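What follows is the residue order along each chain.
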Amino acid sequence: MRKDVRILLVGEPKVGKTSLIMSLVSEEFPDDVPLRAEEITIPADVTPERVPTHIVDYSEAEQSDEQLYQEISKANVICIVYSVNNKKSIEKVTSHWIPLINDRTDKDSRVPLILVGNKSDLVEHSSMETILPIMNQYSDIETCVECSAKNLKNISELFYYAQKAVLHPTGPLYCPEEKEMKPSCIKSLTRIFKVSDLDNDGILNDKELNFFQRTCFNMPLAPQALEDVKNVVRKNIMDGVEDNGLTLKGFLFLHTLFIQRGRHETTWTVLRRFGYDDDLELHQEYLFPLLKIPADCTTELNHNAYLFLQSVFDKHDKDRDCALSPDEVKDLFKVFPYMPWGPDVNNTVCTNDQGWITYQGYLSQWTLTTYLDVQRCLEYLGYLGYSIICEQESQAAAITVTRNKRIDLQKKQTQRSVFRCNILGARGSGKTSFLQAFLGRNLLKQRKIREDHKSFYSINTTYVYGQEKYLLLHEVMPDFDFLSEEDLACDVVCLVYDVNNPRSFEYCAKVYKQYFMDSKTPCMMIASKSDLHEARQHYSLTPLDFCRKNKLHPPQPWTCNTVDAPNKDLYTKLTTMAMYPHAKLCCMCTCNRCTFCICQNILRSQLLTNIKAKFYSVVLNRCSYTCFWLPLFLFLLHVFTS
């Protein structure tokens, strides 16, 4: 709602504009009326709408046309004052004032007009018969008020209606000629209905109606009041009430009734609570709340956000198959002004055998959006009504901003749950296949993917020591000389080469030497297409020797040319390396029995002396040969040396 209201009074000389203002302020008719009243401000605490109100007078004798035009451009609402006992002043309303105001305002943002018939104390008849045709002719006219500055009749009401015309305008909501709500209003209220329909059955039951009432008006409806509302709908419209609940048709009828009875503020209260501005567009402040993200920090969804998204999924998974069919996805995004997910999403996250996004894939896509474009995520949550349903101040409450990565390195531990792995390699090395294999797709399934539906991202969950983490894979385009900061900014790097292509490894070696040799980002070399014949690489060093020289793990053989889903061990290793970049894995197995975190915990133990620590480190350097029995050995060693 507006922070203040500016009311301008115009009209012919001697119609009583200044008297109206002075009677309002002093609550008595002034004996001495000046040519023009000074601008006054009514404080917020004494106005019905709790909004500061500025009242501006116009005097033809004291002001120029240019000054009048400036005041018209600044006004939020204009009161055209006429004298009920002066026909000429009434004629001037249509012959002069309305055309003048329309010429000086933008057609798409006309200010509302109030017709004010002053000096009603001087006549016994009403001017409404003359004024009604004018009101029907001009849609900008909100209402007409007859008043008397001398008798103080309808003075406060006049300025209340002027306020109301600005704060709760009829124009965006209702078409008087058609006697029905405008399409934009219907669209907005339909979204509000769908957001409030928590079980998505097309009906607002008593529980949902009470939640809606409490959300918008801070109080629930009494049981009898609920029944009265539903009875009004039943009597006036078919299919407005079903299964003792309010349908969309009934919901829209109620708001039409409110508007027709002059209770615009009821509908506007609902619209504004759900984020709409005066043009029935969602506020930028609502969609994009302030969220500060320091450098080297990432964004993730918190637990409450995942619970909300889970409820949204359950609400639209009507067949309870733990996947969203295309129709269910469309239904979910009906509260959006556009379809946010394209066909590439189905190749970014996990799907079922029918190609439908699974529950895990659905959460993964939200996680990906939050990580890559948190502003877009805030916008999406806004459309879904997160702050309203979860009773939070804004969608920003759904986001966790992780601490600086430098602190994680210093403390040698992280609280993050999403890790980014950039995939680099020459063209044809198998990067895309590596992304798709993470989603459980072998080479046969990957060949069915359309070229224009491919994605440069894939995201899925992995488990590291019993903890569920998200690994985000990003395929970087192989333009060696144009690698951006975003291409290099990640938690772990995967360098992929084709074992069957003798020129494939050279690209990986050059990228590593130029961009990652001196960085703290852990790197893994992937020997892709390991089911094919291994060709001798045209490089000064073999891949194995290159890795040894640069203290990297040996190249990891990998293929997706399998009958079943490809093995996911490599992805677990990548996640582990991303989680613990400060330490080297003591071996490249995935049994989670001899990984460095166990080693580090033992080495850190205050019970151990420096000699023991040195002895352990010798053992740990050999652990690639002792993977299976290492934990038992370390435990026994600790017991006997304590």
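About the criteria used
Residues numbered from 1 in each chain as written. Predicted model: local features only at pLDDT ≥ 70, side-chain atom pairs only at ≥ 80, totals over all residues. Heavy atoms only, no water. Helix = DSSP H or I, 4+ residues; strand = E, 2+ residues; numbered from the N terminus. Buried < 20%, exposed > 50% of the residue type's maximum accessible area, 1.4 Å probe, protein only. Contact = heavy atoms within 4.5 Å. Areas by Shrake-Rupley, 256 points an atom, 1.4 Å probe, with all protein chains shown as cover. Lys, Arg positive; Asp, Glu negative; His and termini not counted. Charge placed at Lys NZ, Arg CZ, Asp CG, Glu CD. Pairing = 2+ DSSP bridges. Axes fitted to C-alpha atoms, helices over the stretch in contact; angles between N-to-C directions. Parallel < 35°, antiparallel > 145°, perpendicular 65-115°, else oblique. Left-handed = near helix turned anticlockwise from the far one by under 90°. Phe/Tyr/Trp six-rings, centres within 6.5 Å; stacked < 30°, edge-to-face > 60°. Right-handed = clockwise from strand over helix to strand, strands pointing away. Core = buried A, V, L, I, M, F, W, Y, C linked by side-chain atoms within 4.5 Å. Expected span 1.5 Å × (residues − 1). Bend = angle between axes of the 7 residues up to and from the residue. Polar contact = N/O pair within 3.5 Å; in protein donor to acceptor, adjacent residues only side chain to side chain.

## Description of the overall build of the protein
In step 1: Scanning the protein from terminus to terminus reveals 26 helices and 21 strands.
In step 2: On the principal axes, the C-alpha backbone points of the protein span a range of 110 × 55 × 55 Å.
In step 3: Counting all 642 residues of the protein, 52% fall into the buried class.
In step 4: At a minimum sequence separation of 6, the contacts of the protein that also span at least 24 residues come to 68%.
In step 5: When the accessible area of the protein is evaluated, it comes to approximately 32200 Å², of which 51% is carbon and sulfur surface.
In step 6: A distance of 11 Å separates the average location of the 73 positive side-chain charges in the protein from that of its 80 negative side-chain charges.

## Some points on unusual backbone geometry
Generally, phi is negative for residues other than glycine and the peptide bonds are trans, each holding for most cases.
In step 1: One non-glycine residue, Asn218, adopts positive backbone phi at about 65 degrees.
In step 2: With respect to the helices, strands and loops of the structure, Asn218 is situated in the loop between α7 (206-217) and α8 (223-236).
In step 3: For Asn218, a relative accessible area of 67% translates into the label exposed.
In step 4: Even without being glycine, Lys412 reaches a positive phi, approximately 60 degrees.
In step 5: In this fold, Lys412 is placed in the loop between α17 (405-411) and β16 (418-425).
In step 6: By relative accessible area, which is 40% here, Lys412 ends up partly exposed.

## Things to note about the sheet that holds strand β3 (residues 53-57)
In step 1: Pairing in this open sheet of 6 strands is mixed, and the strands run β2-β3-β1-β4-β5-β6 from one edge to the other. In this open sheet, the two edge strands, each paired with only one partner strand, are β2 (40-42) and β6 (141-146). For this sheet, the mean angle separating the axes of adjacent strands, direction not counted, is 25 degrees.
In step 2: Examined bridge by bridge, strand β4 (residues 77-83) and strand β5 (residues 113-118) share 6 bridges and lie parallel to one another. What sits directly across from Ile80, in β5, is Leu115.
In step 3: The sheet contacts of helix α1 (residues 17-26) involve β1 (5-11), β2, β3, β4 and β5, and relative to β3 the element is tilted by about 145 degrees.
In step 4: Strand contacts of helix α4 (residues 128-137): β4, β5 and β6, with the helix running at about 170 degrees to β6, the strand carrying the most contacts.

## Some thoughts on the packing of helix α12 (residues 303-316) against helix α14 (residues 359-372)
In step 1: Taken N-terminus to C-terminus, the directions of α12 and α14 make an angle of 135 degrees; their axes are 11 Å apart at the nearest point. Our classification of the angle between α12 and α14 gives oblique. α12 and α14 meet at a crossing whose hand is right-handed. Here Tyr306, Leu309, Gln310, Val312 and Phe313 of α12 lie close against α14, whose contacting residues are Tyr359, Tyr362, Leu363, Trp366 and Thr367.

## Examining the packing of aromatic side chains
In step 1: This structure, assessed with the given rule, holds 25 aromatic pairs.
In step 2: Residues Tyr160 and Tyr161 carry aromatic rings whose centres are separated by 5.8 Å and whose planes lie at 50 degrees to one another, so their mutual orientation is tilted.
In step 3: In this structure Tyr160 comes out as partly exposed when scored by relative accessible area, which is 24%.
In step 4: Plain terms: the ring middles of Phe434 and Tyr571 are 4.8 Å apart, the flat faces sit at 35 degrees to each other, and that makes the pair tilted.

## Notes on the pairing of strand β20 (residues 523-528)
In step 1: Here β20 lies mainly inside the structure; 6 of its 6 residues are buried.
In step 2: Side chains of β20 alternate between two faces, with Cys523, Met525 and Ala527 and Met524, Ile526 and Ser528 buried alike.
In step 3: Of the pairings in the sheet, the one linking strand β19 (residues 492-498) to β20 comprises 6 bridges and is parallel in character. Looking at β20, one finds that Val496 is bridged to Ile526.
In step 4: In terms of handedness, the path from β19 via helix α21 (residues 504-516) over to β20 forms a crossover that is right-handed.
In step 5: For the handedness criterion, the β-α-β arrangement of β20, helix α22 (residues 543-549) and strand β21 (residues 556-558) is classed as right-handed.

## A short note on the nonpolar core
In step 1: Counting residues in hydrophobic clusters, the biggest one holds 72 residues, and the most contacted among them are Ile192, Phe274, Leu309, Tyr362, Trp366 and Leu384.
In step 2: Non-local contacts of Tyr362, meaning those with residues more than four positions away in its chain, are made with Leu309, Val312, Phe313, Leu324, Leu332, Trp341 and Ile357.
In step 3: Counting 28 residues, the second largest nonpolar core, distinct from the first, contains Trp97, Leu100, Leu115 and Cys144.

## A short note on helix α3 (residues 87-103)
In step 1: Over its 17 residues, α3 runs 24 Å from end to end, which matches the ideal 24 Å to within 8%, given 1.5 Å per residue.
In step 2: The axis of α3 is deflected most strongly, by about 45 degrees, at Val93.
In step 3: Looking only at α3, the buried set comprises Ser89, Ile90, Val93, Trp97, Ile98, Leu100, Ile101 and Asn102.
In step 4: The secondary structure elements touched by the buried residues of α3 are β1, α2 (65-74), β4, β5, α4 and β6.
In step 5: Sitting at the head of α3, Asn86 places a side-chain oxygen 3.0 Å from the backbone nitrogen of Lys88.

## Digging into the environment of Pro223
In step 1: Here Pro223 shows up in helix α8.
In step 2: It is 9.5 Å that separates the C-alpha atoms of Pro223 and Asn210, two residues lying 13 residues apart in sequence.

## Here we look at the sheet that holds β21
In step 1: Here 6 strands make up an open sheet; going across it, the order is β17-β18-β16-β19-β20-β21 and the pairing mixed. Sheet topology places β17 (457-464) and β21 at the edges, where each strand pairs with a single neighbour. Neighbour-to-neighbour, the strand axes of this sheet turn through a mean angle of 30 degrees, independent of strand direction.
In step 2: In the packing of helix α23 (residues 569-579) onto the sheet, contacts are made with β16, β17, β18 (467-475), β19, β20 and β21, and the angle to β17 comes to roughly 80 degrees.

## Focus: the side chain of Thr521
In step 1: Relative to the helices and strands, Thr521 resides in the loop between α21 and β20.
In step 2: With near-sequence residues (within four places) excluded, Thr521 lies in contact with Cys490, Asp491, Val492 and Val493.

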